[in-house]
Amino acid sequence: MEADGRLRIREWAAEDRPREKLLLKGVASLSDAELLAILISSGNRDETAVQLSQRILGAVSNNLNAMGKLSVKDLMAFKGIGEAKAIAIVAAMELGRRKRETEPLERTSIRGSRDVYDLFYPLLCDLAHEELWMALTSRAGKVMEKTKVGQGGAGMIHIDIQVIMKAAIHTLAAGIILCHNHPSGNASPSRADDELTSRIAEAAGLFNIRLLDHVILCDNTYYSYADEGKLV
């Protein structure tokens, strides 16, 4: 017991300790703070691992997506989180992202804009900069390949249309789907987005390839050029 009468985690009842609770009741029984406490193992002089975890989560409004955007340096700002613990948290969040990334890949066909969002969300949701990705599809709408084709700062992407067309021709793709993120959280397209979409659609048409959609992705929302009828 601490000098102030507070119990350490190892002094809790077995069913209330995060690790023991996981073994007794299953991982789904643990709160986000308890799961995080297992990662960091210990707290600081003033807080147990669970209390420290609650404070970290509280700083991001208990939003795991927001926590996934914290860097090692951000996490080390919390008393009791050193470099090793911060790295463990960042690594765990990355594993979660990669797990989500494998799920859309099982769905081989693109039937609409929501499928595009699901396909690219794990790759783009936590980025502080913009990236442009494309999926190349067959005539049946099956994804043949997906790849990053451009990256920029917080509001601009540098791309080479020749790179996009070379990949589409080499893959013998029938369709191109574009997707990029807006870190600002505003999914509305900019004039630059409109111009880029028009240029790629025009270039693709020269090779009898269709630009099927361009989706702008943000947390929990997106904009689809196809849904808005802005593709020729």
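Summarised in this report is the structure supplied together with it.

Reading guide: rules and limits
Residues numbered from 1 in each chain as written. Predicted model: local features only at pLDDT ≥ 70, side-chain atom pairs only at ≥ 80, totals over all residues. Heavy atoms only, no water. Helix = DSSP H or I, 4+ residues; strand = E, 2+ residues; numbered from the N terminus. Buried < 20%, exposed > 50% of the residue type's maximum accessible area, 1.4 Å probe, protein only. Axes fitted to C-alpha atoms, helices over the stretch in contact; angles between N-to-C directions. Parallel < 35°, antiparallel > 145°, perpendicular 65-115°, else oblique. Left-handed = near helix turned anticlockwise from the far one by under 90°. Contact = heavy atoms within 4.5 Å. Nonpolar A, V, L, I, M, F, W, Y, C, P; charged D, E, K, R; others polar. Phe/Tyr/Trp six-rings, centres within 6.5 Å; stacked < 30°, edge-to-face > 60°. Pairing = 2+ DSSP bridges.

### Observations regarding the environment of Ala128
Reasoning step 1: Along the chain, Ala128 turns up in the loop between α7 (113–124) and β1 (131–137).
Reasoning step 2: With a relative accessible area of 65%, Ala128 lands in the exposed category.
Reasoning step 3: C-alpha of Ala128 to C-alpha of Pro183: the two residues are 55 residues apart in sequence and 5.6 Å apart in space.

### Focus: the packing of helix α8 (residues 161–171) against helix α9 (residues 191–205)
Reasoning step 1: As a packed pair, α8 and α9 sit with axes 10 Å apart at the nearest point and diverge in direction by 40°. Regarding the angle of α8 to α9, the classification is oblique. When you trace α8 past α9, the crossing you get is right-handed. In this structure, α8 uses Ile161, Ile164 and Met165 to contact α9, whose residues at the interface are Arg199, Ile200, Ala203 and Ala204.
Reasoning step 2: By residue class, the composition of the contact of α8 with α9 is six nonpolar, no polar and one charged.

### What to know about the environment of Arg210
Reasoning step 1: Tracing the sequence through the fold places Arg210 in strand β5 (residues 210–218).
Reasoning step 2: With a relative accessible area of 56%, Arg210 lands in the exposed category.
Reasoning step 3: For the pair formed by Arg210 and Leu231, sequence separation is 21 residues and the distance between their alpha carbons is 9.8 Å.
Reasoning step 4: Those residues in contact with Arg210 that sit more than four places away from it in its chain are Ala174, Gly175 and Ile176.

### A few points about the packing of aromatic side chains
Reasoning step 1: Throughout the structure, instances matching the rule amount to four aromatic pairs.
Reasoning step 2: Judged by centre distance (5.2 Å) and plane angle (40°), the ring pair of Tyr117 and Tyr121 falls under tilted. Separated by four residues within a single helix, Tyr117 and Tyr121 lie in helix α7, roughly one turn from each other. As far as the burial class goes, Tyr117 and Tyr121 line up, both buried.
Reasoning step 3: An aromatic cluster of three or more residues is present, and its members are Tyr117, Tyr121 and Tyr222.

### Side note on the sheet that holds strand β4 (residues 175–181)
Reasoning step 1: Pairing within the open sheet is mixed, and its six strands lie in the order β3-β2-β1-β4-β5-β6. What marks the edges here is a single partner per strand, and that holds for β3 (157–159) and β6 (221–224). Taking each pair of neighbouring strands and ignoring which way they run, the sheet shows an average axis angle of 30°.
Reasoning step 2: Here β1 runs beside strand β2 (residues 143–152); their pairing, made up of seven bridges, is antiparallel. From the neighbouring strand, Ala135 faces β2, where its bridge partner is Lys146.
Reasoning step 3: Seen against the sheet, α8 touches β1, β2, β3 and β4 and runs at an angle of roughly 20° to β1.
Reasoning step 4: Taken strand by strand, α9 contacts β1, β3, β4 and β5, and its axis lies near 155° from that of β5.

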